[in-house]
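Each chain, written out:
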Amino acid sequence: MSTEAVESQQVVVESDYDSPTWRQLSDFSVTVTGNNFPSHASYADLRLSSVRDMGSVARADRKVVQGEFGYVLEDVPHFADYLPDVPTYPNPLQDNPAYSVVKKYFVNEDDTVPQKIVVQKNSPRGIHFRRAGPRQRVYFEPEDVYACIVTCGGLCPGLNTVIREIVCGLSYMYGVKKIVGIQGGYRGFYSRNTIPLTPKSVNDIHKRGGTILGTSRGGHDAIKIVDNIQDRGINQVYIIGGDGTQKGASVIFEEIQRRGLEVAVAGIPKTIDNDIAVIDKSFGFDTAVEEAQRAINAAHVESESVENGIGVVKLMGRFSGFIAMYATLASRDVDCCLIPESPFYLEGRGGLFEYIEKRLKDNGHMVIVVAEGAGQELIADSVRSMGHEDASGNKLLLDVGLWLSQKIKNYFTSRQRMTINLKYIDPTYMIRAIPSNASDNVYCTLLAQNAVHGAMAGYTGFTIGVVNGRHTYIPFYRVTEKRNKVIITDRMWARLLSSTNQPSFLSAEYIEEIKTPREPPK
Ligand SMILES: Nc1ncnc2c1ncn2[C@@H]1O[C@H](COP(=O)(O)OP(=O)(O)OP(=O)(O)O)[C@@H](O)[C@H]1O
Ligand SMILES: O=P(O)(O)OC[C@H]1O[C@](O)(CO)[C@@H](O)[C@@H]1O
Ligand SMILES: [Mg+2]
């Protein structure tokens, strides 16, 4: 990087991420001089001075570096930000025979990955994340590392693969010997014994579904958890779980930082629903879509074997319909896909019943895929809402599959409209409990290895994720502040609609409204 380019870099502390476009605080930005990207130590100094200048509006937990042409690096914390005197060591990978012939194995310290890859000639370069991978120097001697792994939230194919590859990555790449598993999710830190993990003990766990460590919802007590980490002398914490888990990991990291501990906290995002923001895809999703085909095939075979057969398949997806959408697109046997993001209605013109009737008349059978979070507002209208939450505070859903099946049956039996033959298939937990497929296994391996490289290099308070095909370290707040959802005005949903030929359930006014460009604010 040239000196001129470096001289124009500025460090700012973001004040308000809730606003749709993030605000540039030029009054408080600091020009970085020197002949390299900000080193961690100087960066920390700049960051803290910015924080002081900005008083109460500053967010000390966010590291944002600005460069030319609208370049923004949303960086992750590093030990050097709050522990300036921590010694560093050469990366032991340098002497690893497996990597000895690799020409450029270490990641350049300055490498970052853009979030937005489709750009126009004059558009700003936008948000970037720090590229993941091994660094020349590490912040731990292998014999000093005491690592732990915990899995939280619901099951997902690939959990065991990630556990296996963290253990093997730490052992084979860095020579780490002390690794333990925390049993039963977050509460296991303070209520259960740890289990030792070695490459031998995890050797074939990737062939099994579930998590060998167990998991749970609720039970997140940051003080007790960090007390336990401190008491045991653990200095690397690998936390595998969904959005709730990553929020919990962020709180643990803050407490660790507040206590000034040299403990790296690395999150590995997990969710079968694929609803974690920023990342291209979450592990286990491919496996889920593949396994869903079996249920859809069964529904298709059942429905086409009888007169006016209807197969209803419920798939997971509490807030996002990605599994349902991809499983539908993959199968081609699905006539209608219902997801939480696309409200639908049953009766009247353009409604679901009208479509089913037409489809049965034309084809003699049909398959409906419904994501578990779809139509919840319709069910709540007709059934008294349970209004319950699970131990983590997630709203418990009403069974849309059962409800929909009953509604369809009622519709066709009332006034002797048509004799139908409906089969309802709920494969949700069968899909979640299987081992990951080959492609997810590779994906899990790379996530685990890059999480290990990050922690060894002194990065902390990060989630490892693939952004535009590249592994990156993403600040926790980025993956927890919102959920990834199917955008029904994007091309992918249009592709689905054109493949199933189902109604969009959108009113003509709504379609007109989104097509009309809005007046820019004066
Ligand atoms: N805002 C939060 N702050 C601290 N801890 C949290 C927060 N939200 C959730 N957790 C903790 O994270 C753990 C997992 O959360 P949750 O049960 O919501 O699953 P998840 O990680 O979102 O995965 P899933 O995709 O299965 O929902 C629980 O132990 C819960 O107590
Ligand atoms: O029954 P559990 O374990 O609470 O999990 C159910 C939820 O977990 C998820 O699979 C997310 O992990 C959701 O799709 C589903 O609603
Ligand atoms: Mg969740």
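Just so you know, these numbers come straight off a predicted model, no measurement behind them.

Q: A description of the sheet that holds strand β16 (residues 365-371) should follow, citing residues and the corresponding values.
A: The 4 strands are arranged β15-β16-β14-β17 in an open sheet whose pairing can be described as parallel. Each edge of the sheet is formed by a strand with only one pairing partner; in this case those strands are β15 (336-338) and β17 (421-425). Direction aside, the axes of adjacent strands within the sheet are offset by 15° on average. Bridging between strand β14 (residues 309-315) and β17 involves 5 bridges; their strand directions are parallel. Of the residues in β17, the one forming a bridge with Gly311 is Lys423. Helix-sheet contacts for helix α8 (residues 285-304) involve β14, β16 and β17, and the interaxial angle to β16 is about 150°. On the sheet, helix α10 (residues 352-363) packs against β14, β15 and β16 and is oriented at approximately 145° with respect to β16.

Q: Explain the site of ligand 2 to me, and be specific about the residues and the numbers.
A: Taken together, the neighbourhood of ligand 2 is formed by Arg217, Lys270, Ile272, Asp273, Met316, Gly317, Arg318, Glu372, Tyr429 and Arg432. At a separation of 3.0 Å, an oxygen atom of ligand 2 approaches a polar side-chain atom of Arg217. Tyr429 is positioned with one of its side-chain polar atoms (N or O) 2.4 Å from an oxygen atom of ligand 2. Counting atoms within 2 Å of the grid points, the majority share of ligand 2 lands in the second largest pocket. Counting contributing residues per domain, the shell around ligand 2 is built from domain 1 (132-282 + 435-480) and domain 2 (286-432 + 486-515), each supplying no fewer than three.

Q: Help me get a handle on the pairing of β16, residues and values and all.
A: Across a regular strand the side chains alternate sides, sitting on one face of the sheet and then on the other. Counted residue by residue, β16 has 7 buried out of 7 residues, so it is predominantly covered. Here β16 shows no split at all, with His365, Val367, Val369 and Ala371 on one side and Met366, Ile368 and Val370 on the other all buried. Here 7 bridges tie β14 to β16, and the two strands are oriented parallel to one another. Paired with Lys314 across the two strands is Val370, which belongs to β16.

Q: Summarise the domain arrangement of the protein chain; cite the residues concerned and give the values.
A: When its domains are assigned, the protein chain resolves into domain 1 (132-282 + 435-480) and domain 2 (286-432 + 486-515). Of note, the centres of domain 1 and domain 2, computed from C-alpha atoms alone, are 35 Å apart. Listed per partner, the contact involves 16 residues of domain 1 and 16 residues of domain 2. Its largest share of buried area at the contact with domain 2, domain 1 owes to Arg217, Ile272 and Asp273, together 42% of the area lost on that side. Taken together, the connections running from domain 1 to domain 2 amount to 2 salt bridges. The salt bridge partner of Lys281 is Asp286, with a shortest N-O separation of 3.2 Å. Counting across the interface, domain 1 meets domain 2 through 8 residue pairs in polar contact (both at pLDDT 80 or more). Across the side of domain 1 that touches domain 2, the residue classes break down as 5 nonpolar, 6 polar and 5 charged.

Q: I'd like to hear about the UniProt feature "active site" (unreviewed entry) in the protein chain, residue by residue, with values.
A: As recorded in UniProt, the sites labelled "active site" (unreviewed entry) are Asp273. Counting through the fold element by element, Asp273 comes out in the loop between β13 (264-269) and α8. When near neighbours in sequence (up to four residues on either side) are disregarded, Asp273 contacts Met316, Gly317, Arg318, Ser320, Phe322 and Ile323.

Q: Could you give an account of the packing of aromatic side chains, naming the residues involved and the relevant values?
A: Evaluation of the coordinates by the stated rule reveals 12 aromatic pairs. Seen in terms of ring centroids, Tyr105 and Phe106 are 5.9 Å apart; in terms of plane orientation they differ by 70°. Their pairing is edge-to-face. Among the residues examined, Phe106 registers a relative accessible area of 16% and is labelled buried. A connected cluster of aromatic rings, assembled from ring pairs, spans Phe79, Tyr82, Tyr139 and Phe140. The ring of Tyr146 is capped by Lys178, whose NZ or CZ atom sits 4.3 Å from the centre of that ring. Across from the ring centre of Tyr443, 5.8 Å away, lies the NZ or CZ of Lys281, which sits over that ring.

Q: So what's going on with the site of ligand 1? Residues and values would help.
A: Taken together, 18 residues are adjacent to ligand 1, and Gly154, Gly218, Asp243, Thr245 and Ser392 come closest. A distance of 2.9 Å separates an oxygen atom of ligand 1 from a polar atom in the backbone of Gly242. The protein chains hide 83% of the 630 Å² of surface that ligand 1 would expose on its own. Counting residues per element, the shell around ligand 1 draws most heavily on helix α7 (residues 243-258), at 5 residues. Tallied by class, residues from the shell around ligand 1 come to 1 nonpolar, 12 polar and 5 charged. Shared between two domains, the shell around ligand 1 takes at least three residues from each, and those domains are domain 1 (132-282 + 435-480) and domain 2 (286-432 + 486-515).

Criteria and cut-off values
- Residues numbered from 1 in each chain as written.
- Chains lettered and ligands numbered in written order.
- Predicted model: local features only at pLDDT ≥ 70, side-chain atom pairs only at ≥ 80, totals over all residues.
- Heavy atoms only, no water.
- Pairing = 2+ DSSP bridges.
- Helix = DSSP H or I, 4+ residues; strand = E, 2+ residues; numbered from the N terminus.
- Axes fitted to C-alpha atoms, helices over the stretch in contact; angles between N-to-C directions.
- Contact = heavy atoms within 4.5 Å.
- Near = heavy atom within 4 Å.
- Polar contact = N/O pair within 3.5 Å; in protein donor to acceptor, adjacent residues only side chain to side chain.
- 1 Å grid on protein atoms, 1.4 Å probe; cavity = no way out; pocket = protein on both sides within 12 Å on 5 of 7 lines; lining within 4 Å.
- Sits in = over half its atoms within 2 Å of the grid points.
- Domains from an automatic or database assignment.
- Buried < 20%, exposed > 50% of the residue type's maximum accessible area, 1.4 Å probe, protein only.
- Buried area = accessible area lost by both parts, 1.4 Å probe.
- Salt bridge = Lys/Arg side-chain N within 4 Å of Asp/Glu carboxyl O.
- Nonpolar A, V, L, I, M, F, W, Y, C, P; charged D, E, K, R; others polar.
- UniProt positions renumbered as here; feature names shortened; annotations may be inferred.
- Phe/Tyr/Trp six-rings, centres within 6.5 Å; stacked < 30°, edge-to-face > 60°.
- Lys NZ or Arg CZ within 6 Å of the ring centre and 35° of its normal.
- Areas by Shrake-Rupley, 256 points an atom, 1.4 Å probe, with all protein chains shown as cover.

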